[in-house]
Amino acid sequence: MNVIKIGTRKSKLACVQAEAVAEYIRKNVEGGQAELVKVVTTGDKVLNKKLDEVGSKGMFVKELDIALLNGDTDLSVHSLKDMPMEISPKLPVLGYSRREDARDVLVLPPGVSVYDGHLPIGSSSNRRISQLRKLYPGAGIKTVRGNVLTRLEKLDAGEYGALVLAAAGLKRLGLEHRISRYFSVEEMIPAAGQGILCVQGREGEDFRFLQGFFDPEAEICARAERAFMSYLNGGCSLPVGVYAEVFEEDSGKRQISIRGLYARECLGTAKTLCMTGKADAPEALGVRLARALKEIAG
């Protein structure tokens, strides 16, 4: 087997995530060799604006798509929550990783145990901002961009009183000790696909050697959550969140529980709703929840 070139963003977190795929290939594929190809994306370059002011979610994958299409890479590894809803059939999704902790968390400066409200909470996500306003009424909220380590530097330098980040990223970076509070998925509904890695390849090529890396349960959740987002045309600008879990009934049948958040306006009051349905029809359940929430939102 030739060396498998894996495309990834240049941030430390993205490289750690891509390295998980590379390590799987080295350990589980006979003669398997893999190396990372680090790419700077549009989303990594523009750091002075909120995500919804920059463009679509595709800004984190466009350059990686080009490298894959041109043959400069053989695979791309993404955080699923960065993936646009429309994916080229020339670059199919090969599968999804086991899900890491999907929750959002509050991070405080070293030595601080409680957020006192004197400095703003850092967040650039309208989904998070909408839910923070209920959890911390009256707190100031200030845009923060950059990778996880850059955001932590800004927090520790006194620019913010707290940050809201994804637990998955902190855990993968070995920074779980920085977490001050976990928000339950009822308190703060995560972004679609949060905690799941997505692997893309080129159409017509054989990637069966990766099957052992993929997680069937994560795929079910991903399909439900992305169908929900697709129905609502969910991008970066609207407060939209969704989280699905697979569980087994006493009868042995697998079901999905899916919880969604949606607001029609950028900073409007978001509505939430939870449904359950069959695990063998995740897209249908995601669309049903999205349709119901859209009606509730008025």
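Heads up: these notes are all about the structure in this document. Remember, it's a predicted structure, so these values are computed and weren't measured experimentally.

**Some details on the nonpolar core**
Moving on, step 1. Within the largest apolar cluster, 22 residues are counted, with the highest numbers of intra-cluster contacts made by Phe 228, Val 240 and Ile 258.
Moving on, step 2. Not counting the four nearest positions on each side in its chain, Phe 228 is found in contact with Val 240, Gly 241, Val 242, Gly 260, Leu 261, Gly 286, Leu 289, Ala 290 and Leu 293.
Moving on, step 3. Core analysis: the second largest hydrophobic core is formed by 17 residues, Ala 18, Tyr 24, Phe 207 and Phe 214 among them.

**Quick notes on helix H6 (residues 148–156)**
Moving on, step 1. All buried positions along H6 are accounted for by Val 148, Arg 151, Leu 152 and Leu 155. All buried residues of H6 lie within an arc of 100° about the axis, which places them on one face of the element.
Moving on, step 2. Summarising the contacts, the buried residues of H6 are in contact with helix H1 (12–28), strand E5 (104–107), strand E8 (162–166) and helix H7 (167–172).
Moving on, step 3. The N-terminus of H6 is capped by Asn 147, whose side-chain oxygen sits 3.1 Å from the backbone nitrogen of Leu 149.
Moving on, step 4. One or two steps after H6, the chain reaches Gly 158, where phi turns positive at roughly 95°.

**A look at the sheet that holds strand E7 (residues 141–142)**
Moving on, step 1. With respect to topology, 5 strands assemble into an open sheet ordered E7-E6-E8-E5-E9, the strand pairing being mixed. Only two strands of the sheet have a single partner each, and these edge strands are E7 and strand E9 (179–182).
Moving on, step 2. Inspection of the sheet shows strand E6 (residues 121–122) paired to E8 by 2 bridges, in the parallel sense. If you follow Gly 122 over to E8, its bridge partner there is Leu 163.
Moving on, step 3. This element, helix H5 (residues 126–135), spans E5, E6, E7, E8 and E9 of the sheet and lies at about 130° to E8.

**A closer look at the side chain of Ser 123**
Moving on, step 1. Positionally, Ser 123 belongs in the loop between E6 and H5.
Moving on, step 2. Within polar-contact distance, the side chain of Ser 123 engages the backbone nitrogen of Ser 125 at 3.3 Å.

**Concerning the pattern of salt bridges**
Once their charged atoms are close, side chains differing in charge can pair, the charge on each being opposite to the other.
Moving on, step 1. Evaluation of the coordinates by the stated rule reveals 18 salt bridges.
Moving on, step 2. We note a salt bridge from Arg 127 to Asp 104, for which the minimum N-O separation is 2.8 Å. With a gap of 23 residues between them, Arg 127 in helix H5 and Asp 104 in strand E5 connect regions that are remote in the sequence.
Moving on, step 3. Look at Arg 127 and you get buried, because its relative accessible area is 4%.
Moving on, step 4. The class of Asp 104 is buried, set by a relative accessible area of 0%.
Moving on, step 5. Asp 206 serves as the salt-bridge partner of Arg 208, at 2.8 Å between the closest nitrogen and oxygen.

Quick notes on the rules
- Residues numbered from 1 in each chain as written.
- Predicted model: local features only at pLDDT ≥ 70, side-chain atom pairs only at ≥ 80, totals over all residues.
- Heavy atoms only, no water.
- Core = buried A, V, L, I, M, F, W, Y, C linked by side-chain atoms within 4.5 Å.
- Buried < 20%, exposed > 50% of the residue type's maximum accessible area, 1.4 Å probe, protein only.
- Contact = heavy atoms within 4.5 Å.
- Helix = DSSP H or I, 4+ residues; strand = E, 2+ residues; numbered from the N terminus.
- Arc of directions from axis to C-beta.
- Polar contact = N/O pair within 3.5 Å; in protein donor to acceptor, adjacent residues only side chain to side chain.
- Pairing = 2+ DSSP bridges.
- Axes fitted to C-alpha atoms, helices over the stretch in contact; angles between N-to-C directions.
- Salt bridge = Lys/Arg side-chain N within 4 Å of Asp/Glu carboxyl O.

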